[in-house]
Every structure is written in C-alpha cells, then in structure tokens.
Amino acid sequence: MGWVSFDTILRNGRWFDGTGAPSAVRNIGISDGHVVTISPDPLDETDCPQVIDATDKWVMPGMLDIHTHYDVEVLNGPSLSESLRHGVTTAMLGSCSLSTVHVSGTDAGDLFGRVEAIPRDQVIAAVDDNKTWTNCDEYVSALESLPLGPNLTAFIGHSDMRTAVMGLDRATRKDQRPTAAEQARMEQMLTEALDAGFVGMSSQQLLFDKIDGDTCRSRTLPSTYAKPRELRRLKSMLRRTGRVLQSGPDIQNPLNLASQVAQSLGLFRKQLKTSLLSAADIKANPYAIWMMGPLAKAANALGGNFRWQHLPVPFEVYADGIDLVVFEEFGSGAAALHLRDEVERNELLRDESYRRAFRKDYDSKFGVRVWHRDFFDAEIVACPDESVVGMTFGQVGQERGELHPVDAFLDLVLEHGTAIRWRTTISNHRPEVLKKLARDPGIQLGFSDAGAHLRNMAFYNMGLRLLRHVRDAERAGTPFMSIEQAVHRLTGELGDWYRIDAGHLRVGDRADIVVIDPAHLDDSLDAYAEEAVEQYGGLSRMVNRNDDTVTAVLVGGRTVFADGALTDLVGNQRTGQFLRAAHRVPSISTNDGKLTSAR
C-alpha cells in the first residue's frame, strides 16, 4: 500500500467493525478524517501527532442515537456534549412529529414545552434568536454553520409541517382539515425534506402528549388530528422514496396499532419502512411485550419492513412534585398539569371532589396505561422533610393514619411543591425480558429521548449499559448475544436501516470512533448525576457520568473526548456534519482491513 502519514493511530485495541463480524486486536490508522488502514501489525508512528494506546480496550464505531429531541438544544448548544461523552457520534433529530424546520418560536415552545418537558420560554428564544432558514436545505446549512459535536440526521416532523401550514389553532381542531392548497404545501415540504436528505417523516397518534402555552393548551399534538387521507398521501411519498415513517400509535385503540403495523406491508405496493414507538416491558401490562416481537415478525414475513424502537435498560424516571408526563394519561393527572399557576393548581389538589376523581383513576384497573399507578412503587429521594426520604408515598400514607396513597402524595406535593423529588421504574424491569428484546430482529435499540425530560430521566449511556449487560452475561456463562452482535445493533444495523453513512469502522469509513474500557463497564453506569444546562438558564438536568468507561471519542477523525474530559474542539469547532439519507454506499473491499479500493 505504500507509506502513509497518519493523523491518529489507535494502537493495539480490540476492533469491532460494526457489522457483527468477529472482533480482533488491530492497529488503526486515520488520515484526513477517515480510516486508511487496519492492521494486525504495528503502524509507523513517525510524525503522527496523536497515538491512542487502546491496549485492553474496545475500539468500535461511534454509536447512533435514533431518538432524540435535540432540535432546540442544538441551536444554542451544538456540541451536544452529553451524548459525545458517552460514545454517541450520530444523533437523530425530529422525533415524535416534532421538529423546528418550519414553525415559529412561539409555536415551537407550545409543541416542545410540555410534551418534552423543555422550558417553553427557552424554546421560544432559541428558535426566534437563531432561525435564519425558510426550508430544509437552509436548515441543514444553518446546522452545519454551527460548531456541531456529533453528526446529525433528521426526520421532518408532521406536527411541525401541519402547524406551519394550518396554524396551531386550526391544526388542533377535530372539525378542521387542510385545504387542497394546504395539503399540497405539506407534500411540498416533505418533498423538500427528502431531497435535503432527511431520513423520513415522524408522526404521532399517541393521545396523552399535550400542548403548552395558552391558545391551544392541553390539546394533543397536531399530527393526532390528521385524517386517513392526509396521512395516506404523505406516507405514499415515503413509500416511493424508500424513506422511513417513525410513529407512535394510539395505545388505547388496538385498531390504530394494527393499522400502523399493517401499513408497512408491501403486498401489491411498495413497503413502507416503519419504526414504531415503542417496545417496552411495561409494569402496568406485563403481557403486552410478548405480542410485540411476534407482531413485527409477522409483518416482516408478509413483506413489511417494520421495527419497534426499544430502550434496552430499565426505564427509571424521576419527578419534581407532580411534574411528570405520565400523569397526562388519565383525566385527573392531566387536569393538574393543565394549570400552570401554582396557586390554582394547589387549590385543585386540595379539592375533595378532585381527590375522589384522582383516587378513582389511580384505583382503576381497566384500560391501557404506561404508568403502573402504584405509589408503593415510588420512592422519595429528596424532600425538605427528611423523615420521608427513602420511603414510598404508600408508606407515608400508612404512617399518617392509613391515608390513601393518592392523598399522601397530594399532601406532600402541597407541602413541598417541586422540592419533593421521587422516582419509579415504569418498564424494562425484568432482566430476562431485556435479554430477549435485545436480540429480537424486529426491535431497534434506541429511544433515549436525549435532550428532553431534562429533570425526569437520563439515558445518554444506554449503549454502554447494554454492552455491560452482554459482557456480564458472557462472564457468568449465560450469554444471550455476543459483544460483536451488541455493537452491530448499536451501530451498523441502525446506519444501514436508516440508509445513512454511519455505524461502521472499516477501511474507507469516516473515523467516528469510541474507545471503551470494558473494565469500567461497572456500577458507575447506574449512578445519579446532575449538570447545569447553560442554554436553559442554568437548569439542573439529569445526566450520566462514566468518564472512566469511555476513554476516547473521535468524530470525523478528530478527538472530542479523552482522558475524562471534552477537548478544546468541543463547542468551538465543527466536528460533526449532517448525514444525508440514502447515501451511495461505497464499494469497499478489504483484505485484513487494508484498503484495496477507495470511495
């Protein structure tokens, strides 16, 4: 191959290429942002400005996060460093029908503020202060003018388009449909997005996601009001182009779920690639999960291309007082969250007729639910009254004279407001079920919700936690998948399915790399941590901190994280780029990792 000058060498690490192929100890040479050689022999380190000793480490492609809500944060905090430091080098924007391509700042605030628990005023300011674009091409250019940390790719949000075309008020009324001109404009917007390289469109039919603001407060997202004809026309454009529909079904309507699965089928027409939210082992319904894998398998056997999204770790959430999105799924909870004024809300929480309604909702065993509604499974972790810390609300009720758990909860919220902090695990609590889901081909590993629910949850390190689960099972002599398969599921499998140039680490590939120390796939991955978000007014958000586990992260061959700290590049220079979908996959042939044909 001749002499090559390297910008970076990763020495003697266990190399995973992202395809699921066997790993091997290799030396990797990087030049001009790409992998130029992968060799079992030592590389010439002469004049190489950076050599990373990866002995006893895993060297793998940077991970993909296929479900984030970074659409707002990226505008004022484009480094997205919380993902970078955990080995994520490509993040997907535009999930759940929400994007910031077409809407105004105020509309974005109404759409993102309550659904994604991002401060509404900060959303409005971020969009209004930064918006220079009028279409998708200009939006991509605007993103790439920022000092991006990871690579980005995106869905166009159905609610974004619908709001911009119809206005938020009309877009959230059951008796309103888009005019012919408005429908045509949405189709033009979708065409522009697909031409700009967006991976597809996200929609949403889930009915407990509620709008913020005053004008349309507590209505559901605009995409939930779309009639079948509107959806069919938009979906047909995705079929023709081979792009992806991401959606969330109305879980209380089995027909809607069946329709969402059936739409992916290719019988007598082109299949529609569909990614549906979400496969979870829900405490409230422990039997539902056993239907999801077979449902995907049946759809794909009939010619579909269907995947569930899945968070491969326990879904533990925290709440400050009553501020948690799961309360939106039943009437009394949504009524409390509807009231922004603390005095009004407290008056409601004291009202006995309201409490009766809340107790009735809590005790009801009927209907589909996400939250198990068990205050004996809700631990208080912080409170000005330290005597209740470590107890559940149910236990507090028992101590206070056999109070109903709902009354114990509401009493404490009235006493302490958001100063009472508690946690519960909603789903994915059974390790054996997580193992089954992790290897199911009808399930994609994603759904971190990074950038949203800032005080409620942190799954930035979900990929690391899956790798720990796999490694621990292997050590215990009860493997459920190989490390190579786990890496593939977090990287190359996702890049290939969404048709973006990411997730592989072969000669010729862009050098998006994470180096992991398997010796530190340990309990630190579960530890609680908070960090202030400067662009959200110093709000303290939940994060993960595993700086001994991830020893280096490279994006485009440039080191963005090393030795437990972000490098000076982060926030100052752009390392990531917008990855356009349906890229031409290069023809690369390798012989032990050495380049034999170029891009």
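Residues numbered from 1 in each chain as written. Predicted model: local features only at pLDDT ≥ 70, side-chain atom pairs only at ≥ 80, totals over all residues. Heavy atoms only, no water.

An unreviewed UniProt entry lists the protein chain under the name Amidohydrolase 3 domain-containing protein, with Mycolicibacterium alvei given as the organism.

1. What to know about the overall build of the protein chain
Stated formally: Numbering of helices and strands starts at the N terminus; helices are DSSP runs of H or I of at least 4 residues and strands are runs of E of at least 2. All radius of gyration figures rest on C-alpha atoms, and the globule criterion is 2.2 Å times the number of residues raised to 0.38. Partly exposed describes any residue whose relative accessible area lies between the buried limit of under 20% and the exposed limit of over 50%, with all areas from a 1.4 Å probe on protein chains only and scaled to the type maximum. Using a 1.4 Å probe, the Shrake-Rupley method yields the accessible areas, and only the shown protein chains count as cover for residues. Positive charges come from Lys and Arg alone, negative charges from Asp and Glu alone, with His and the N- and C-terminal ends not counted. Throughout, a charge is located at the NZ atom of Lys, the CZ atom of Arg, the CG atom of Asp or the CD atom of Glu.
Across its full length, the protein chain holds 20 helices and 24 strands. Here the C-alpha radius of gyration of the protein chain, 24 Å, is about what a compact globule of 599 residues would show, namely 25 Å. Counting only C-alpha atoms, the protein chain reaches 80 × 60 × 50 Å along its principal axes. With 599 residues in all, the protein chain has 61% of them scored as buried. When the accessible surface of the protein chain is split by element, carbon and sulfur atoms take 49% of a total near 22,700 Å². The centroid of the 65 positive side-chain charges in the protein chain is displaced by 8 Å from the centroid of its 81 negative side-chain charges.

2. Section: the packing of helix α14 (residues 352-363) against helix α16 (residues 405-416)
For any two helices packed against each other, one specifies the inter-axial angle together with the distance between the axes. Test applied: Geometry is summarised by axes, namely lines fitted to C-alpha atoms with helices restricted to the contacting stretch, and by angles between N-to-C directions that run from 0 to 180 degrees. Our angle categories are set so that under 35 degrees counts as roughly parallel, over 145 as roughly antiparallel, 65 to 115 as roughly perpendicular, and the remainder as oblique. Crossing handedness is defined as follows: a turn of the near helix away from the far one that is anticlockwise and smaller than a right angle gives a left-handed crossing, while the clockwise case is right-handed. In what follows, residue pairs with any heavy atoms lying within 4.5 Å of each other are defined as contacts. Residues are grouped as follows: nonpolar covers Ala, Val, Leu, Ile, Met, Phe, Trp, Tyr, Cys and Pro; charged covers Asp, Glu, Lys and Arg; every other residue, Gly included, is treated as polar.
Contact geometry of α14 with α16 gives a least axis separation of 9 Å together with a crossing angle of 130°. By the angle between their axes, α14 is oblique relative to α16. Classified by chirality, the crossing of α16 by α14 is right-handed. Between α14 and α16, the residues in contact are Tyr354, Arg355, Phe358, Arg359 and Tyr362 and Pro405, Val406, Asp407, Leu410, Asp411 and Leu414, respectively. Along the lines of polarity and charge, the residues of the contact of α14 with α16 split into 7 nonpolar, no polar and 4 charged.

3. Re the sheet that holds strand β15 (residues 421-427)
Our working rule: Strands are treated as partners if at least two bridges between them are detected by DSSP.
With antiparallel pairing, the 3 strands of this open sheet are ordered in space as β13-β15-β14. Strands at the two margins of the open sheet, each flanked by one partner only, are β13 (315-320) and β14 (379-382). Between one strand and the next, the sheet's axes are offset by a mean angle of 35°, whatever the strand orientation. Of the strand pairs in this sheet, β13 and β15 are connected by 6 bridges, and their pairing is antiparallel. Across the sheet, residue Val317 finds its bridge partner in β15, namely Thr424.

4. Section: the pattern of salt bridges
We apply this condition: When a carboxyl oxygen of Asp or Glu is within 4 Å of a side-chain nitrogen of Lys or Arg, the pair counts as a salt bridge.
Evaluated as defined, the whole model comprises 41 salt bridges. The salt bridge involving Arg217 is made with Asp212; its shortest N-O contact spans 2.6 Å. A single burial state applies to Arg217 and to Asp212, both of which are buried. Residues Arg423 and Glu379 are paired through a salt bridge, measuring 2.9 Å at the closest nitrogen-oxygen approach. Taken together, the residues span a long stretch of sequence, with Arg423 in strand β15 and Glu379 in strand β14 at a distance of 44 residues. Shared partners join several salt bridges into a network, and the residues in it are Glu352, Arg355, Arg359, Asp407 and Asp411.

5. A closer look at helix α17 (residues 431-438)
All buried positions along α17 are accounted for by Val433, Leu434, Lys435, Leu437 and Ala438. Tucked into the core, α17 has its buried residues touching α11 (289-301), β12 (306-310), β16 (443-445), α18 (462-475) and α19 (483-490).

6. Digging into the packing of aromatic side chains
Any aromatic ring pair is given by two values, namely how distant the centres are and how the planes are angled relative to each other. Counted only if it meets this: Between rings of Phe, Tyr and Trp, where Trp is taken as its six-membered ring, a pair exists when centres lie within 6.5 Å; planes separated by under 30 degrees are stacked, by over 60 edge-to-face, and by other angles tilted. The rule is short: NZ of Lys or CZ of Arg within 6 Å of the ring centre and within 35 degrees of the ring normal puts a charge over the ring.
Under the defined criterion, the tally for this structure stands at 25 aromatic pairs. On the numbers, 6.3 Å between centres and 80° between planes, the contact of Phe155 with Tyr498 is edge-to-face. Taken as a pair, Phe155 in strand β8 (residues 151-157) and Tyr498 in helix α20 (residues 492-498) lie far apart in primary sequence, 343 residues in all. For the residue pair Phe155 and Tyr498, the accessibility class agrees, reading buried in each case. Note on Phe375 and Trp422: the rings are 6.2 Å apart at their centroids and 70° apart in plane angle, and the pair reads as edge-to-face. Of this pair, Phe375 sits in the loop between α14 and β14 while Trp422 sits in strand β15, and the two are 47 residues apart along the sequence. Judged by relative accessible area, Trp422 falls into the buried class, the value being 1%. Three or more aromatic residues link up through ring pairs in this structure, and these residues are Phe327, Phe330, Tyr354, Phe358, Tyr362, Trp371, Phe375, Phe393, Phe409 and Trp422. Positioned above the aromatic ring of Trp497 is the side chain of Lys273, whose terminal nitrogen or guanidinium carbon lies 4.7 Å from the ring centre.

7. A short note on the sheet that holds β8
What the 8 strands build is an open sheet, ordered β6-β7-β8-β9-β10-β11-β12-β16; its pairing is parallel. Two strands bound the open sheet, and with one partner strand each, they are β6 (63-65) and β16. Neighbouring strand axes in the sheet, compared pairwise and without regard to direction, differ in orientation by 30° on average. Pairing between strand β9 (residues 200-202) and strand β10 (residues 244-247): 3 bridges, direction parallel. Along β10, the bridge assignment pairs Gly200 with Val244. In this fold helix α10 (residues 254-262) packs onto β10, β11 (273-276) and β12, with an angle of close to 145° to the strand it touches most, β11.

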